[in-house]
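Examination of the molecular architecture
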Amino acid sequence: MNVSAFSLFATAILTCAAPAASRAGIVSGTVTNDAGQPVVAASVLLLRSTDSALIKTELTDEKGEYHLTPIPDGNYLIRVVTMGYDNYLSPTFAAGGTATNAPAIVLHSNTQQLGTVTVKAQKPMIAVKPDKLVVNVENSISATGSTALEILARSPGVTVDNNDNISLKGKQGITVMINGKQQPLSGQELANMLKSMPADMIGQIELISNPSARYDAAGTAGIINIKLKKDKKQGLNGSVNATYAQGIYGKTNWSGNLNYRTKKLNLYTTYNGSNREGFNTLTLNRTFTSNGQFSGAYVQTNNYLYKIGNEGMTAGADYNLSAKTTVGAGVTGDVTDFRRTGYNYSLVQNAGQPDRHFITTNGSPNTWRSGTANINLRHTFDSSGSSLSADADYAIYPNSGQQDFTTTWYRHSAADTLPLPATTMLNGNLTGLTQIRSAKADYTTTLPHGIGLEAGAKMSYVTAEHDLKFYNQVNEQPVADTGRTNHFQYREQIAAAYLTLKKDYTGWSTQIGLRAEQTNIKGDASTLVRDSSFTRRYGQLFPSVAVQRHIDKRNDLGLTLSRRIERPNYEQLNPSTYYLDPTTYKTGDPYLMPALSYSAELSWIHNQRFVTNLNYTNTQRPITEVLQPAVNDSRITVQTQKNLIRMEYYGINGSYQIPIAKWWTNTTSANVWYAHYTGDVAGTNLSKGRMAWDVNSNNSFTLPAGYTAELGGFYQAPQLYGYMYLRPQWMLNMGIQKTILNRKAVLRLNATDVFWRGFPRATSDYNNYTESFVARRDTRQVSVSFTYRFGQRPPGGSMRHRGGAEDEQRRAGKATG
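In this text, all values refer to a predicted model and were calculated from it rather than measured experimentally. (Residues numbered from 1 in each chain as written. Predicted model: local features only at pLDDT ≥ 70, side-chain atom pairs only at ≥ 80, totals over all residues. Heavy atoms only, no water.)

Counted by the stated rule, this structure contains 23 aromatic pairs. Considering the side-chain rings of Tyr-249 and Phe-279, the 6.4 Å spacing of their centres and the 55 degrees angle between planes classify their relative orientation as tilted. Pair noted here: Tyr-249 is in the loop between strand S18 (235-246) and strand S19 (250-261) and Phe-279 is in strand S20 (residues 265-290), with a separation of 30 residues, a long-range link. On the accessibility criterion, Phe-279 (11% relative accessible area) is buried. Taken together, Phe-288, Tyr-298, Tyr-723, Tyr-766 and Tyr-769 form an aromatic cluster joined through their ring pairs. One cation-aromatic arrangement involves Lys-503 over Tyr-505; the distance from NZ or CZ to the ring centre is 5.4 Å. We note Arg-635 situated over the ring of Phe-288; from NZ or CZ to the ring centre the distance is 4.7 Å. (Phe/Tyr/Trp six-rings, centres within 6.5 Å; stacked < 30°, edge-to-face > 60°. Helix = DSSP H or I, 4+ residues; strand = E, 2+ residues; numbered from the N terminus. Buried < 20%, exposed > 50% of the residue type's maximum accessible area, 1.4 Å probe, protein only. Lys NZ or Arg CZ within 6 Å of the ring centre and 35° of its normal.)

Right, here's the structure in full:
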């Protein structure tokens, strides 16, 4: 697709989005209690009268008012649910086309059953939705003392390997968002950011395996959206939290948030910090052969100690210009200091030569900073139900760091008279800067005959510069290493537009969408001895289709089809080298091509609690992490990314909420899949497939005297990922909590990975080369946490709800800066 064709498509979409054809309406009303007082934050559900299908949902405001829009012509019911009151169901009424004022709703107090209602209102650890799984981190006792990355590793279908790569249901190519915004980090930089984010900042994690055309097309395996906590109560409210965790090393997290909300104005700010110490013990066994005969081996133990200090802050405001228009602005700032020291012991075996070993000590101090700014507008048009939203974003990510290595060789016996290699000292200095500019607009309306329309457009521009200089110490003087020094510059422009049409029939819901994206990338990766510049220009169309059949009140069937893309990110394209020891380094490949995938998913939803999915994915040129011998030295191991030829994936997965007793609820999710990989890397043909499965189970217990408890864990069976065979791993977690101080505070005690089995083990096989590894981390720990909430509480015993509309995701470029 050329630029002129893309412009024509974008113009057509924006033309279709004109509001002139809209005939949607708005339904408004009030909810009060027996005393005539408004009930705040009650859930108001608009149901279609013919089949009770959910059309729209909203929360009442501080006046007990609600406004449901856009509403097409039809007959409806209103259901109201909130704690402390009997559920309410209205008579059937007609709405659509114009504004409709529903009769005033009066809820009757049900204080005698309040305890029971409270138990039922407790959100489960895992909530099943028709289009996604939701992990309610805020309600999880086992999340205490954890980081965002650790919570992801314990989420259903999510795997985090030894290099902190994230996969969903056995597939890599995940897009990670925070509050609906795609993060401009990837690989190790994304992992470090998630490691510095305390779990007590997180409200929910959404796992979306087959997104619609409204979402960016990036991510062949789906989307993980991390939703941070946000308060919607009126007046001044806030909370403070402190956590201490003890594994082999200690870890502390602290955070606080403050929110002031009136009818027109909402002000909010958060602050969080952490100091975490830990370790990573990586054991490697590398075997080299020649013509089927043993030629040598490296047996290595890498011990790393790290300290991570992080501080972050957010601030923002939303202002209601009118009942239909809201403007907002927000900023964030974050700084992370990462200090890593390492000790590497490597036994070197060569056929026909005496054994030797070398010891490498290293230190890697790094500092990462980030700052973001956003302005936004939300407007609902008069009585039509149409809405417009717009966002503009800017983000900056400067960082700096060092890599210092000293390697000394030793003999194993006096009989070894061959000369030893000289002691080497290698120093690397890194500076980087990534900047992101992004703007988007989304429009929603309802056309005649009840056809829903969503359309939008987005532009993003990313620039990144990465300067890595290496020096060898010769006679105590630094001498530039021209082979390792690299200066990488990256420019990325993406223009996108989408159109989605929705239509509901009796017993059926349908949706069809089309997204167009034009990508222009230019990279300059130059050293003093080689040039690896590249340019990419390509346009793609990404259709999506979704059909849902409402069989009866208990059962729904759904079918989704979509096409998606995984673009090589900044880190994957950057050919700079990052050393573990003299025989191991990590680098990117500037010649990577984007991966394209087609996905189909058939789902069965029973009682809105049991979801079973059958899915198929065919990915061309999948981007896969490999550990392979270096081209110019087969004894050097390179961790990099390569395009395979094809990956085919067949899977079945399910998530089931089972109330075993009034005080005991179990939520279990399981995945079974078969993945087949075809490729040719490092002279090794690949055509392998393997059946794999995992299960995640969590039990929630409501105990006497205000105690609640959790017991859960996961098991991942052996699986195949490209050239890598992953061995099984599992984890058991448990925790207990009690609400104290008149329900304003919560005290939690938690233990994770009780038996210390949640670490990865794997083997990679190539012609003439095999590598096995075990990566042990500080995952077994006990933590204690205290949270105190202050401020006004909503009347009517309503549950605390998180507010704020989700910003649309943006792919502002994946970059490590």
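That covers the picture; the talk isn't over yet.
Once that is clear, we can look at the sheet that holds strand S32 (residues 578-581). With respect to topology, four strands assemble into an open sheet ordered S32-S33-S37-S36, the strand pairing being mixed. The outermost strands of the open sheet, each flanked by one partner alone, are S32 and strand S36 (623-629). On average, each strand axis in the sheet is inclined to that of its neighbour by 30 degrees, with strand direction left out of account. In this structure, S36 lies alongside strand S37 (residues 637-643), joined through seven bridges in antiparallel fashion. Across the sheet, the residue bridging to Gln-628 is Val-638, located in S37. (Pairing = 2+ DSSP bridges. Axes fitted to C-alpha atoms, helices over the stretch in contact; angles between N-to-C directions.)

Mapping Glu-625 onto the fold places it in strand S36. Lys-586 is the oppositely charged side chain nearest to the buried, salt-bridge-free Glu-625, at an N-O distance of 5.6 Å. Polar side-chain contacts of Glu-625 include one of 3.5 Å to the side chain of Gln-639. (Lys, Arg positive; Asp, Glu negative; His and termini not counted. Salt bridge = Lys/Arg side-chain N within 4 Å of Asp/Glu carboxyl O. Polar contact = N/O pair within 3.5 Å; in protein donor to acceptor, adjacent residues only side chain to side chain.)

Once that is clear, we can look at the environment of Ala-41. Looking at the secondary structure, you find Ala-41 in the loop between strand S1 (25-32) and strand S2 (43-48). Counting along the chain gives 22 residues from Ala-41 to Lys-63, while the straight-line C-alpha distance between them is 9.8 Å.

What follows concerns the pattern of salt bridges. All told, the structure shown has 14 salt bridges when counted by the stated rule. The salt bridge partner of Lys-642 is Asp-589, with a shortest N-O separation of 3.3 Å. With Lys-642 in strand S37 and Asp-589 in the loop between strand S33 (584-586) and strand S34 (595-606), this residue pair connects regions lying 53 residues apart in the sequence. For Lys-642, a relative accessible area of 24% translates into the label partly exposed. The structure contains a network of salt bridges with shared partners spanning Arg-378, Asp-391, Lys-440 and Asp-442.

Formed by 29 residues in total, the largest nonpolar core has its most connected members in Tyr-677 and Tyr-723. No other element matches strand S39 (residues 664-681), which puts four residues into this core. Judged by nonpolar contacts, the second largest core, of 24 residues, contains Leu-133, Ala-148, Leu-168 and Leu-190. (Core = buried A, V, L, I, M, F, W, Y, C linked by side-chain atoms within 4.5 Å.)

Moving on to the environment of Gln-353. With respect to the helices, strands and loops of the structure, Gln-353 is situated in the loop between strand S22 (325-350) and strand S23 (356-380). Residue classification places Gln-353 among the partly exposed residues on the basis of a relative accessible area of 47%. Separated by 63 residues in sequence, Gln-353 and Asp-416 have C-alpha atoms that sit 8.6 Å apart.

Next up on the list: unusual backbone geometry. Positive phi, close to 65 degrees, is recorded for His-449, a residue that is not glycine. For His-449, the position within the fold is in the loop between strand S25 (424-447) and strand S26 (451-474). With a relative accessible area of 67%, His-449 lands in the exposed category. Of note in this structure, Leu-741 is not a glycine but carries a positive phi near 55 degrees. If you trace the backbone, Leu-741 turns up in the loop between strand S44 (729-740) and strand S45 (745-752).

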